[in-house]
Amino acid sequence: MTHALNIVWNPSEGIDLGFFIIRYYSLMFVVAFGLGWYIMKNIFERENESLEKLDSLFVWTVLATLIGARLGHVLFYDWEYFRNHLLEIFLPFRFSPKFEFTGYQGLASHGAAISIIVAMYYYSKKILKRPLLWILDRVVIAVASGAIFVRLGNFFNSEIVGKETNSAFGVKFIHDYFSKADAVNATQIPNPKEAYTAIATNPKFANLLAQVPVKHPAQLYEAFCYVFVFAILFYLYWKTETREKSGFLFGLFLVLLFSVRMVVESVKESQGGFENALGLLSTGQWLSIPFILIGFYFIFTAEKPIKI
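Source: prediction; values computed, not measured. (Residues numbered from 1 in each chain as written. Predicted model: local features only at pLDDT ≥ 70, side-chain atom pairs only at ≥ 80, totals over all residues. Heavy atoms only, no water.)

Looking only at helices and strands, one finds 13 helices and eight strands in the protein. Evaluated residue by residue, the protein yields a buried proportion of 45% over its 308 residues. Counting only contacts in the protein whose residues sit at least 6 apart along the sequence, the fraction spanning at least 24 positions is 69%. Accessible area of the protein: about 16400 Å², with a carbon and sulfur share of 65%. (Helix = DSSP H or I, 4+ residues; strand = E, 2+ residues; numbered from the N terminus. Buried < 20%, exposed > 50% of the residue type's maximum accessible area, 1.4 Å probe, protein only. Contact = heavy atoms within 4.5 Å. Areas by Shrake-Rupley, 256 points an atom, 1.4 Å probe, with all protein chains shown as cover.)

See the structure below:
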């Protein structure tokens, strides 16, 4: 629905099967990894590479993504908290002020990028028996496709929202503004889902809806841009000889994806981290700069292998 030309975003938790809820955020990760596997399967077949090695690649990539993204969030964005709550880094619980299940709140793509590169180094040496840049040039195509769905998952979760805006593209993120407890207390409706729906649709609670600021849907901006990052890499690999220039596609991926991050970060709300100490740029922007510079290095030094 719309409100003053803006979307009121009140998503359900997921697909309710009665006995189990498939959460949209989790579903987007499944789609991301599934599509990535399918893309790499086609690449391996084209390169006459054994599909037996694809299973190992899938496992290594999934583990590297989740572990690296988690550690990236902990170290880059919230170390002040986690250094005093070390068990919560890898356990989906909060132990104080009371014990509660929280899930894994906080994943950082910069951490995932570093972890994937490290994992690909060991994968290329131990299993693939090919140069590191060979697998990096190809796996980034799958990673770029997955990034689209991860950001869509963030949108469903009403997280990583943008700054307030007067734009007609703005969104009222009810779940971001009101916690479940806040929604219940404000409406006196004991069921959080019904409380959110009442705020979004019931004229009786129009004053509560009016409190929710209109913000940039930064997650959708990023997902939209990643479609083009993926399309460019996909086209260059399948339709040109660019894949023969070792390191070029990997470098281009770093430049394109993290340039998108640099731009979109300018309309995102602060995610914390060390930006207050350095100033000028957000934590995400500071972290993106090294990746962009490394990307340019690989683009300009990429060479076709010498054929004997």
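Here the distance between the centres and the angle between the planes together describe a pair of aromatic rings. Within this structure, the stated rule accounts for 19 aromatic pairs. Ring geometry for Trp9 versus Phe156: centroids 5.9 Å apart, planes at 50°, classification tilted. Note that Trp9 is positioned in strand β2 (residues 6-9) and Phe156 in helix α5 (residues 132-156), a separation of 147 residues in sequence. Residue Trp9 is classed as buried on the basis of its relative accessible area of 17%. A relative accessible area of 25% means that Phe156 is categorised as partly exposed. Relative to Phe298, the ring of Phe250 has its centre 5.3 Å away and its plane inclined at 65°; by these criteria the two rings are edge-to-face. Taken together, the positions of Phe250 in helix α11 (residues 248-264) and Phe298 in helix α13 (residues 283-301) put the pair 48 residues apart, joining distant regions of the chain. Residue Phe250 is classed as buried on the basis of its relative accessible area of 4%. Overall, Phe298 belongs to the buried group, its relative accessible area being 19%. Looking at Arg130, its charged tip hangs above the ring of Trp134, at a distance of 4.1 Å from the centre. Directly above the ring of Tyr237 sits Arg243, whose terminal nitrogen or CZ lies 5.8 Å from the centroid. (Phe/Tyr/Trp six-rings, centres within 6.5 Å; stacked < 30°, edge-to-face > 60°. Lys NZ or Arg CZ within 6 Å of the ring centre and 35° of its normal.)

Time to look at the pattern of salt bridges. For the structure shown, the criterion picks out 11 salt bridges. The salt bridge involving Arg151 is made with Glu222; its shortest N-O contact spans 3.0 Å. Linking Arg151 in helix α5 with Glu222 in helix α10 (residues 218-239), this pair joins segments that are 71 residues apart in sequence. One exposure class covers both Arg151 and Glu222, and it is buried. Salt bridges linked by common partners bring Arg151, Glu222, Arg261, Glu265 and Lys268 together as one network. (Salt bridge = Lys/Arg side-chain N within 4 Å of Asp/Glu carboxyl O.)

Despite not being glycine, Ile160 has its phi angle at roughly 55°, a positive value. Tracing the sequence through the fold places Ile160 in the loop between α5 and β7 (171-173). Residue Ile160 is classed as buried on the basis of its relative accessible area, which comes to 18%. For Gln188, which is not glycine, the phi dihedral falls at a positive 60°. Checked against the element boundaries, Gln188 lands in the loop between α7 (180-187) and α8 (192-201).

Turning our attention to the side chain of Thr187. With respect to the helices, strands and loops of the structure, Thr187 is situated in helix α7. At a separation of 3.2 Å, a polar atom in the side chain of Thr187 contacts the main-chain amide nitrogen of Ile189. Excluding residues that lie within four positions of it along the chain, Thr187 makes contacts with Ala195, Ile199, Phe205 and Leu208. (Polar contact = N/O pair within 3.5 Å; in protein donor to acceptor, adjacent residues only side chain to side chain.)

With 25 residues, α5 should reach 36 Å at 1.5 Å per residue; the first-to-last C-alpha distance of 35 Å fits that figure. The sharpest bend along α5 measures roughly 30° and falls at Val139. Of all 25 residues in α5, 19 are buried; the element is thus mostly enclosed. Looking one or two residues past α5, Ser158 carries a phi angle of roughly 55°, positive in sign. (Expected span 1.5 Å × (residues − 1). Bend = angle between axes of the 7 residues up to and from the residue.)

Attention shifts here to the packing of helix α1 (residues 24-46) against helix α2 (residues 52-77). For any two helices packed against each other, one specifies the inter-axial angle together with the distance between the axes. As a packed pair, α1 and α2 sit with axes 11 Å apart at the nearest point and diverge in direction by 145°. For the crossing formed where α1 meets α2, the hand is right-handed. Along its contact with α1, which presents Phe29, Phe33, Trp37, Met40, Lys41 and Phe44, the element α2 presents Lys53, Leu54, Asp55, Leu57, Phe58, Thr61, Val62, Thr65 and Leu66. In terms of residue class, the contact of α1 with α2 is made up of 10 nonpolar, two polar and three charged. (Axes fitted to C-alpha atoms, helices over the stretch in contact; angles between N-to-C directions. Left-handed = near helix turned anticlockwise from the far one by under 90°. Nonpolar A, V, L, I, M, F, W, Y, C, P; charged D, E, K, R; others polar.)

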